[in-house]
Amino acid sequence: MKIVSTIEEVRNQVKAWRKEGCTIGFVPTMGYLHEGHMSLIDAAGENDKVVVSIFVNPMQFGPNEDLASYPRDLDHDAKLCEEHGVDLIFHPTPEEMYGDSFYAYVDMNTLTQELCGLSRPVHFRGVCTVVAKLFNIVTPDKAYFGQKDAQQLAIIKRMVKDLNMPLTIVGCPIIREEDGLAKSSRNTYLSPEERKAALVLSRSIFLGREMAEKGERDCEKIIAAMTAEIEKEPLAKIDYVKIVDLETMQQVKKIEGGILAAIAVYIGKTRLIDNFMYETEA
Ligand code: PAF
């Protein structure tokens, strides 16, 4: 496994692999890898070569967010990648990615103005811009994203479609701890007491999903039940509990077709997200 930090090194390696006729799977990450990321890397193993990027992208953090404190551990990440058969890690500096000045960005419009986009106004613009750049650098056949960041996944799928990017986006299921908490690099911020309190997210998600599976189609009722569940936990503060259309990311009143039920909840100072998707039969 190689670890490189320049765009040129990635391009040279990819060019050599292409000459040998290899297919390339790509997993973009911000590092501090956990089982959630590893499941994406394992899925990418269906390609001949696997590239992982590790880059804490400043452009997707707002001014009061956790860019400086975002956890980083390259040695640990490299060890995990090696164990899971990764061929190349791209670990650029912000200067390598953005130079001294940078003007371009990818804005996905109304798709980014709901859910996390409301409380994180610059977030998806930063995500789409860096992901578009990474796709241009790595030129993968397939790229792998977790369904935990469901809005990110939907927006990236749409970006690829709208901009005719020549690759396939593969969505991979949420990986949970044994007790239900969705895996996240931000779980490391939680104190033992907060870690217990954080279980309220998955409880609320499982409750909402069960209601939908049992035939409830009224979104207001599902949202009310999920909200009430979260409010039982004194350490939890709701950012949002919403049900949106899976394609347009706009709120819906009834479950018809594909929906995303998504929540963002502060546990102490840590903002956690979770979701479920549900599709009615046509
Ligand atoms: O999901 C993430 O870790 C990031 O948003 C991504 C896709 C690597 C872009 O920085």
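For the structure itself, look to the data block above.
This structure is a prediction, so every number in the text was calculated from the model and none was measured.

Colleague: Just checking my understanding: could you explain the site of the ligand for this structure?
Modeller: All residues in the neighbourhood of the ligand are listed as Pro28, Thr29, Met30, Asn57, Gln60, Val127, Val130, Val131, Phe145, Asp149 and Gln152. Gln60 is positioned such that a nitrogen or oxygen atom in its side chain is 2.6 Å from an oxygen atom of the ligand. In this structure, Gln152 approaches the ligand through a side-chain N or O atom, which is 2.8 Å from an oxygen atom. Relative to its unbound accessible surface of 290 Å², the ligand loses 89% to contact with the protein. Going through the elements one at a time, strand 2 (24-29) and helix 6 (123-138) are the ones with two or more residues in the shell around the ligand. The element that contributes the greatest number of residues to the shell around the ligand is helix 6, accounting for three residues.

Colleague: Is there a simple way to explain the packing of aromatic side chains in this structure?
Modeller: The geometry of an aromatic ring pair comes down to the distance between the two centres and the angle between the two planes. Across all of its chains, the model carries five aromatic pairs by this definition. With centroids separated by 6.2 Å and ring planes inclined at 45°, the aromatic side chains of Phe55 and Tyr98 adopt a geometry described as tilted. Within this pair, whereas Phe55 is found in the loop between strand 3 (49-54) and helix 3 (74-83), its partner Tyr98 is found in helix 4 (residues 94-98), the two being separated by 43 residues in sequence. Of the two residues, Phe55 and Tyr98, both sit in the buried class. With centroids separated by 6.4 Å and ring planes inclined at 80°, the aromatic side chains of Phe135 and Phe145 adopt a geometry described as edge-to-face.

Colleague: It is not clear to me how the pattern of salt bridges should be interpreted in this structure. Could you clarify?
Modeller: Pairs can form between side chains of opposite charge once their charged atoms are near each other. Enumeration according to the criterion identifies 16 salt bridges in this entry. Residue Asp141 is joined to Arg18 by a salt bridge in which the shortest nitrogen-to-oxygen separation is 2.9 Å. On the criterion of sequence distance, the pair formed by Asp141 in the loop between helix 6 and strand 5 (142-146) and Arg18 in helix 1 (residues 7-19) is long-range, its members being 123 residues apart. Relative accessible area serves as the criterion here: at 29%, Asp141 is assigned to the partly exposed category.

Colleague: Got a minute to help me understand the nonpolar core in this structure?
Modeller: The nonpolar side chains of a soluble globular protein tend to be buried with one another. Core analysis: the biggest nonpolar cluster contains 48 residues, and Phe135, Met159 and Ile169 have the highest contact counts within it. Broken down by element, the residue count for this core peaks at ten residues, all from helix 6. Aside from chain neighbours lying at most four places away, what touches Ile169 is Phe135, Ala143, Phe145, Leu153, Ile156, Lys157 and Val160. Grouped together as the second largest cluster of nonpolar side chains are 26 residues, Leu190, Ile263, Val265 and Phe276 included.

Colleague: How should I be thinking about the sheet that holds strand 9 (residues 270-279) in this particular structure?
Modeller: Across a sheet, strands are paired by hydrogen bonds formed along the backbone, either parallel or antiparallel in direction. One open sheet accounts for three strands, arranged 7-8-9; its pairing is antiparallel. Looking at strand neighbours, the two that pair on one side only are strand 7 (236-245) and strand 9, the edges of this open sheet. Strand-to-strand twist in this sheet, taken as the mean axis angle between neighbours without regard to direction, amounts to 15°. Alignment of strand 7 against strand 8 (residues 258-267), held across nine bridges, turns out to be antiparallel. Bridging from a neighbouring strand, Tyr240 pairs with Ala264 of strand 8. Along the sheet face, helix 10 (residues 219-231) touches strand 7, strand 8 and strand 9 and points at about 160° away from the line of strand 7.

Colleague: How do you make sense of the side chain of Glu194 when you look at a structure like this?
Modeller: One can find Glu194 in helix 8 (residues 192-197). Buried charge without a salt bridge: Glu194, with Lys269 as the nearest opposite-charge side chain at an N-O distance of 8.2 Å.

Colleague: What should I look at first to understand the packing of helix 6 against helix 7 (residues 150-162) in this one?
Modeller: Packed helices, taken two at a time, are described by the angle between their axes plus the distance between the axes. Viewed as axis vectors pointing N to C, helix 6 and helix 7 meet at an angle of 50°, and their least axial separation amounts to 11 Å. One way to sum up the angle between helix 6 and helix 7 is to call them oblique. Crossing of helix 6 against helix 7: the hand is right-handed. Here helix 6 contributes Phe124, Val127, Cys128, Val131, Ala132 and Phe135 to the contact with helix 7, which in turn contributes Gln151, Gln152, Ile155, Ile156, Met159 and Val160. Among the residues making up the contact of helix 6 with helix 7, the classes are represented as ten nonpolar, two polar and no charged.

Colleague: Looking at this structure, I do not really get helix 3. What am I missing?
Modeller: The α-helix advances 3.6 residues per turn, and as a result positions three or four apart in sequence lie on the same side. All buried positions along helix 3 are accounted for by Asp77, Ala78, Leu80 and Cys81. Seen from one end, helix 3 has its buried residues packed into an arc of 165°, which puts them on one side. Seen from the open side of helix 3, the exposed residues pointing more than 90 degrees away from its buried face are Asp75, Lys79 and Glu83. Looking at the buried side of helix 3, the elements it contacts are strand 1 (2-4), helix 2 (35-44), strand 3 and strand 4 (88-90).

Conventions adopted
- Residues numbered from 1 in each chain as written.
- Predicted model: local features only at pLDDT ≥ 70, side-chain atom pairs only at ≥ 80, totals over all residues.
- Heavy atoms only, no water.
- Near = heavy atom within 4 Å.
- Polar contact = N/O pair within 3.5 Å; in protein donor to acceptor, adjacent residues only side chain to side chain.
- Areas by Shrake-Rupley, 256 points an atom, 1.4 Å probe, with all protein chains shown as cover.
- Helix = DSSP H or I, 4+ residues; strand = E, 2+ residues; numbered from the N terminus.
- Phe/Tyr/Trp six-rings, centres within 6.5 Å; stacked < 30°, edge-to-face > 60°.
- Buried < 20%, exposed > 50% of the residue type's maximum accessible area, 1.4 Å probe, protein only.
- Salt bridge = Lys/Arg side-chain N within 4 Å of Asp/Glu carboxyl O.
- Core = buried A, V, L, I, M, F, W, Y, C linked by side-chain atoms within 4.5 Å.
- Contact = heavy atoms within 4.5 Å.
- Pairing = 2+ DSSP bridges.
- Axes fitted to C-alpha atoms, helices over the stretch in contact; angles between N-to-C directions.
- Lys, Arg positive; Asp, Glu negative; His and termini not counted.
- Parallel < 35°, antiparallel > 145°, perpendicular 65-115°, else oblique.
- Left-handed = near helix turned anticlockwise from the far one by under 90°.
- Nonpolar A, V, L, I, M, F, W, Y, C, P; charged D, E, K, R; others polar.
- Arc of directions from axis to C-beta.

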